[in-house]
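Chains, contacts and geometry: an overview
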Amino acid sequence: MYENMKLGIFHWFGYILPFTQRIKMIKDTGFDSIMLWWEPDLFSGEGLEQFNKVKKMDIDIENIHAPYEDSNLLWSSDEMDREKIIDMSLRWIHDCYKHEIPMIVMHVTEGYDDKIINDYGLYSFEKILLEAEKYKIKIALENTRQDEFLEKILDNFSSPWLGICYDSSHANLFSKNTTYLLDKYRERIMAIHLSDNDGQEDRHWLPQKGEIDWNNMMMKLKEINYKGNLSFEVFPEKGVIYSPQIFLQSAYNKASELKGYLKY
């Protein structure tokens, strides 16, 4: 089954280049899929024109990442604040449906927050999930700094349209252990963001540049029978100069190497 696993990368990989040029370089390197970032002008005017050019490049759009700056409002006791972010989330879902993007990645919080986990967040996600189910758009919640908020939602909603976008770098920094969420929610892993770090900051290094045990990581993905894309969210190391072509080729080679771990 792993022979057909697609290799993907986040469309921003650390280089300031025109949008369509970046995507073409990704495709020409050999990647099968891309992950995008939602922004207000992506689906209007010149942004929509560029997006439509990408759609003709014969490269899959795996998912789109939603902005997370106001994600703490999902848990707010202020109804107007909650409705603001809920309405925005519904817009993202509608954009995915209209432009044939099958999945949206969301954060459930931003940064650290000492608030008590509450049922307001469940109310918010109930409304968001109903819309996602209606339009058949998957919602992949990304693990960030506080797994307990993520677990609160997943443990209360068992919809096949709701799952996890597992981020290895965040897990290494903030989870009980690097594979904790993979073990607990194995059948609900919808997407992955693979990158490495030094245990100090979210570096977005290529795998095997930091301290994560990648043999263990890939064996865990095989153990849970992960069926999604093998996708990187990576940037060059600070102070190391690569051309974008060399960096992309290095990323593709590393993705191919990790995919090989799954065959045995």
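Above this text is the structure in question.
Residues numbered from 1 in each chain as written. Predicted model: local features only at pLDDT ≥ 70, side-chain atom pairs only at ≥ 80, totals over all residues. Heavy atoms only, no water.

**Describing the nonpolar core**
In terms of nonpolar packing, the biggest core is built from 77 residues, with L141, L230 and F232 touching the most fellow members. Counting residues per element, this core draws most heavily on helix α3 (residues 79-98), which supplies six residues. Grouped together as the second largest cluster of nonpolar side chains are six residues, V105, C165, M190 and A191 included. (Core = buried A, V, L, I, M, F, W, Y, C linked by side-chain atoms within 4.5 Å. Buried < 20%, exposed > 50% of the residue type's maximum accessible area, 1.4 Å probe, protein only. Helix = DSSP H or I, 4+ residues; strand = E, 2+ residues; numbered from the N terminus.)

**A few points about α3**
With 20 residues, α3 extends 28 Å between its outermost C-alpha atoms, agreeing within 8% with the 28 Å of an ideal straight helix rising 1.5 Å per residue. Residues of α3 that are buried in the fold lie against β3 (60-65), β4 (103-107), α4 (120-135) and β5 (138-142). By the N-cap criterion, in which a side-chain oxygen at the helix start approaches the backbone nitrogen of a residue two or three places on, α3 is capped by D78, the distance to M80 being 2.9 Å. (Expected span 1.5 Å × (residues − 1). Contact = heavy atoms within 4.5 Å. Polar contact = N/O pair within 3.5 Å; in protein donor to acceptor, adjacent residues only side chain to side chain.)

**Some points on the side chain of S124**
With respect to the helices, strands and loops of the structure, S124 is situated in helix α4. In this structure, S124 is in contact with L74, R82 and I86, ignoring residues within four places of it in sequence.

**What to know about the packing of helix α1 (residues 19-29) against helix α2 (residues 45-55)**
Contact geometry of α1 with α2 gives a least axis separation of 9 Å together with a crossing angle of 15 degrees. By the angle class used here, α1 and α2 are roughly parallel. Crossing of α1 against α2: the hand is right-handed. Residues F19, T20 and I23 of α1 lie in contact with α2, whose contacting residues are Q50, F51, K53 and V54. (Axes fitted to C-alpha atoms, helices over the stretch in contact; angles between N-to-C directions. Parallel < 35°, antiparallel > 145°, perpendicular 65-115°, else oblique. Left-handed = near helix turned anticlockwise from the far one by under 90°.)

**Examining the side chain of E62**
Structurally, E62 can be placed in strand β3. Despite its burial, E62 remains without a salt bridge, the nearest opposite charge being carried by K138 at 9.1 Å. A distance of 2.7 Å separates the side chain of E62 from the side chain of S231, its partner in a polar contact. Setting aside anything within four residues of it in sequence, one finds E62 in contact with S33, I34, M35, P102, M103, A191, N229 and S231. (Lys, Arg positive; Asp, Glu negative; His and termini not counted. Salt bridge = Lys/Arg side-chain N within 4 Å of Asp/Glu carboxyl O.)

**Details of unusual backbone geometry**
A negative phi holds for most residues other than glycine; trans holds for most peptide bonds. Of note, E100 is a non-glycine position whose phi angle comes to about 60 degrees, a positive value. If you trace the backbone, E100 turns up in the loop between α3 and β4.

**With respect to the sheet that holds strand β7 (residues 189-193)**
Strand order in the open sheet formed by eight strands is β7-β6-β5-β4-β3-β2-β1-β8, and the pairing between neighbours is parallel. With partners counted over all chains shown, the strands left at the sheet margins are β7 and β8 (230-232), one partner each. Neighbour-to-neighbour, the strand axes of the sheet open up by a mean angle of 25 degrees, direction not taken into account. Across two bridges, β3 lies against β4 in parallel orientation. Of the residues in β4, the one forming a bridge with I64 is I104. Packed onto the sheet, helix α5 (residues 147-156) meets β5 and β6 (162-167) and runs at close to 150 degrees relative to β6. (Pairing = 2+ DSSP bridges.)

**Thoughts on the environment of T109**
Checked against the element boundaries, T109 lands in the loop between β4 and α4. For T109, a relative accessible area of 1% corresponds to the buried category. Separated by 84 residues in the primary sequence, T109 and M25 place their C-alpha atoms 33 Å from one another.

**A closer look at the pairing of strand β1 (residues 7-10)**
Of the two faces of β1, the one lined by L7 and I9 and the one lined by G8 and F10 are each fully buried. Pairing of β1 with β8, which is carried by three bridges, proceeds in the parallel orientation. Among the inter-strand pairings, G8 is bridged to a residue of β8, identified as S231. Two elements, β1 and strand β2 (residues 33-37), share three bridges in a ladder whose sense is parallel. Within β2, the position partnered with I9 by the bridge is I34. Viewed along the sheet, the connection from β1 through α1 into β2 turns out right-handed. (Right-handed = clockwise from strand over helix to strand, strands pointing away.)

**Concerning the state of the cysteines**
In this structure the tally under the stated criterion is zero disulfides. Unpaired in terms of disulfides, C96 finds its nearest cysteine sulfur in C165, a separation of 13 Å. On the accessibility criterion, C96 (1% relative accessible area) is buried. Relative accessible area serves as the criterion here: at 0%, C165 is assigned to the buried category. (Disulfide = S-S within 2.5 Å.)

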